[in-house]
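# Structure at a glance
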Amino acid sequence: TNFCSRNAENLRDKKVLMYCTGGIRCEKASAMLRKRGVDDVSQLSGGIHRYLEVFGDKGFFKGKNFVFDQRVAIPPPSSGTHSKEVCGKQGSVGVEGNVCVGKCFECSVPYDEIRGSRLCTVCRDLVLICPKCQMKLREYHCKRHTTWKDCYFTFLEVFDEAELKRQGKRLTEIRDGLDPPSEYRNMRRTLMRQITKVSKQVKRLENGESCVDRDALRRCRTCMETEDICDGLCWGFWKHSSVACDKAQYETLHSVREEGRDGSGSPPLSISVGNVVEPGPAWNETRHGPRTDDDGKRLRGRVVEVKSWGSGGDAKDCVAVLWDNFRSGSKSGSSFGASFQPKIYRWGVIARNGMSLYDVECVNKE
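We now turn to the structure provided with this report. (Residues numbered from 1 in each chain as written. Predicted model: local features only at pLDDT ≥ 70, side-chain atom pairs only at ≥ 80, totals over all residues. Heavy atoms only, no water.)

### Some words on unusual backbone geometry
Convention followed: Helix and strand assignments come from DSSP, with helices taken as H or I runs of at least 4 residues and strands as E runs of at least 2, each series counted from the N terminus. Exposure classes here rest on a 1.4 Å probe applied to the protein chains alone. A residue is buried below 20% of its type maximum, exposed above 50%, and partly exposed in between.
Residue Pro-180 follows Asp-179 across a cis peptide bond; omega there is 0°. Locating Pro-180 in the fold gives a position in the loop between helix 5 (161-176) and helix 6 (185-206). Even without a glycine there, the phi angle at Ser-108 is positive, about 70°. Its location among the elements puts Ser-108 in the loop between strand 4 (73-74) and helix 4 (131-136). Look at Ser-108 and you get partly exposed, because its relative accessible area is 40%.

### A look at the sheet that holds strand 9 (residues 356-358)
Convention followed: When DSSP finds two or more bridges between two strands, those strands count as paired. In this analysis, axes come from line fits to C-alpha atoms, helices being fitted only over the stretch in contact, and the angle between any two N-to-C directions falls in the range 0 to 180 degrees.
The antiparallel open sheet is built from six strands, whose spatial order is 9-8-7-6-5-10. Of all strands in the sheet, those bounded by a partner on one side alone are strand 9 and strand 10 (360-364). The mean angle between the axes of side-by-side strands here comes to 40°, regardless of whether they run parallel or antiparallel. Note that strand 7 (residues 318-323) and strand 8 (residues 343-350) share four bridges and pair antiparallel. Its bridge partner being in strand 8, Cys-318 is matched across the sheet by Arg-346.

### Digging into the packing of helix 5 against helix 6
Selection criterion: We call two directions roughly parallel when the angle between them is under 35 degrees, roughly antiparallel when it is over 145, roughly perpendicular when it lies between 65 and 115, and oblique otherwise. Note on convention: the crossing is left-handed when the near helix lies turned anticlockwise from the far helix by less than a right angle, right-handed when the turn is clockwise. Pairs of residues are marked as contacts when any of their non-hydrogen atoms sit within 4.5 Å. Amino acids are sorted into nonpolar (Ala, Val, Leu, Ile, Met, Phe, Trp, Tyr, Cys and Pro), charged (Asp, Glu, Lys and Arg) and polar (every other residue, Gly among them).
Packing of helix 5 against helix 6 leaves a shortest axis separation of 9 Å and a crossing angle of 160°. Here helix 6 runs roughly antiparallel to helix 5, going by the angle between their axes. In terms of crossing hand, the pair formed by helix 5 and helix 6 is left-handed. Residues Glu-161, Leu-164, Lys-165, Gln-167, Gly-168, Leu-171, Thr-172, Ile-174, Arg-175 and Asp-176 of helix 5 form the contact with helix 6, whose participating residues are Arg-188, Leu-191, Met-192, Gln-194, Ile-195, Val-198, Gln-201, Val-202, Leu-205 and Glu-206. Tallied by class, the residues present in the contact of helix 5 with helix 6 amount to nine nonpolar, five polar and six charged.

### Here's the deal with the pattern of salt bridges
Put simply, the rule reads: Take a side-chain nitrogen of Lys or Arg and a carboxyl oxygen of Asp or Glu: if they are within 4 Å of each other, that pair is a salt bridge.
In total, this model carries 18 salt bridges according to the counting rule given. Close ionic contact of Asp-150 with Arg-166 constitutes a salt bridge, the shortest N to O distance being 3.9 Å. Here Asp-150 is found in the loop between helix 4 and helix 5, whereas its partner Arg-166 is found in helix 5, with 16 residues between them in sequence. Put simply, Arg-298 and Glu-361 hold a salt bridge, and the shortest N to O gap is 3.6 Å. A residue pair is termed long-range when its members are at least 10 positions apart, and Arg-298 in the loop between helix 8 (285-288) and strand 6 (301-307) and Glu-361 in strand 10 qualify at 63 residues. A cluster of three or more residues bridged by salt bridges with shared partners is formed by Glu-278, Arg-298, Arg-300 and Glu-361.

### What about the packing of aromatic side chains?
Convention followed: When two rings of Phe, Tyr or Trp (its six-membered ring) have centres within 6.5 Å they constitute a pair, described as stacked for plane angles under 30 degrees, edge-to-face for angles over 60, and tilted for the intermediate range.
Going through the model one piece at a time under the given rule, you end up with seven aromatic pairs. On the basis of an interplanar angle of 35° and a centroid distance of 5.7 Å, the ring pair of Trp-148 and Tyr-152 is categorised as tilted. Where Trp-283 meets Trp-323, the ring centres are 5.8 Å apart and the plane angle is 85°; that geometry is what we call edge-to-face. Note that Trp-283 is positioned in the loop between strand 5 (276-279) and helix 8 and Trp-323 in strand 7, a separation of 40 residues in sequence. We classify Trp-283 as buried; its relative accessible area is 6%. Using a relative accessible area of 4% as the deciding quantity, one classes Trp-323 as buried. Following the ring pairs from residue to residue traces out a cluster consisting of Trp-283, Trp-323 and Tyr-345.

### Here we look at the nonpolar core
What counts here: The set of buried Ala, Val, Leu, Ile, Met, Phe, Trp, Tyr and Cys residues whose side-chain atoms join them within 4.5 Å is what this entry labels a nonpolar core.
Trp-148, Leu-164, Leu-171 and Leu-191 are the most contacted members of the largest nonpolar core, which has 30 residues in total. The element best represented in this core is helix 6, accounting for six residues. Excluding its chain neighbours within four sequence positions, the residues that come into contact with Leu-171 are Cys-151, Tyr-152, Leu-191, Gln-194, Ile-195 and Val-198. Among the nonpolar cores identified, the runner-up in size contains 12 residues, and Val-277, Val-303, Tyr-345 and Val-360 belong to it.

Below is the structure:
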């Protein structure tokens, strides 16, 4: 809607050709443009998805088509399944016939594999990061935030006071350079939050409340868990009931669960709608906020639904909780606000290390 409103005047006397993944968004966009006086609008019937079904790799489309399901991105039908990790020269045909049009955001080597674990640490947009750069980087930055990659980090435990102060100074310089403020309101707000976060970490280090851990494990940008627990595929259509990405490991963990052995993937504990819960052993304060409310009392809520954590799964390893009390301004509270919407928590999801994760624990059953 915003794009059509902003550009309708410039497009009014031009021929507009548009396409999208499956044609649905083009139907809406073309109607919006015509409503605003743009008459000569054409669209690709059925989108790129239908185009590839008809023409395959003999047509004009190059690369992969991003789809909104577990397939993620698919090449033309006759080009095989997926290209290898590195495609070769950009624009050339890869080993499986697919033309690689993407490149690593960091080193610019041709690369086109999209993974839910590779997200911009600022905005959580998907980014293309080749395996070599994945090994050397703790956090990733998209093209929009590439100028922040020396000063904006979600996880600060690996930095000492001097480095944090340098980051704070650089963040302040970037924020002050965004002028006029009214046009960069959201970006300035994001930077200010990070500046505050860095300042608090400096104070914690100065007061001895925290310490530098140079060898800290990498963390998932989505759930904030360490890499021994989560592989980053814990959201959207990447999410599954076991956060182990390796198929063999996934099957092993679930065979353990089915055999009912304790310690690594035993069946989820019994829980029902109406049970009262509190923050449990796997509660992550970085993600969910403090375990207590404004008065220092432990959070307490009621289960309103028991369902599957995984996308399309059938295991009852996830609960929706409606909290009775919450900390105003915290991540737990801000998710509810005045409407008190339920929040989703893991209930027996299997971690990469084989342990069952319980974000909450049952305090009584009714």
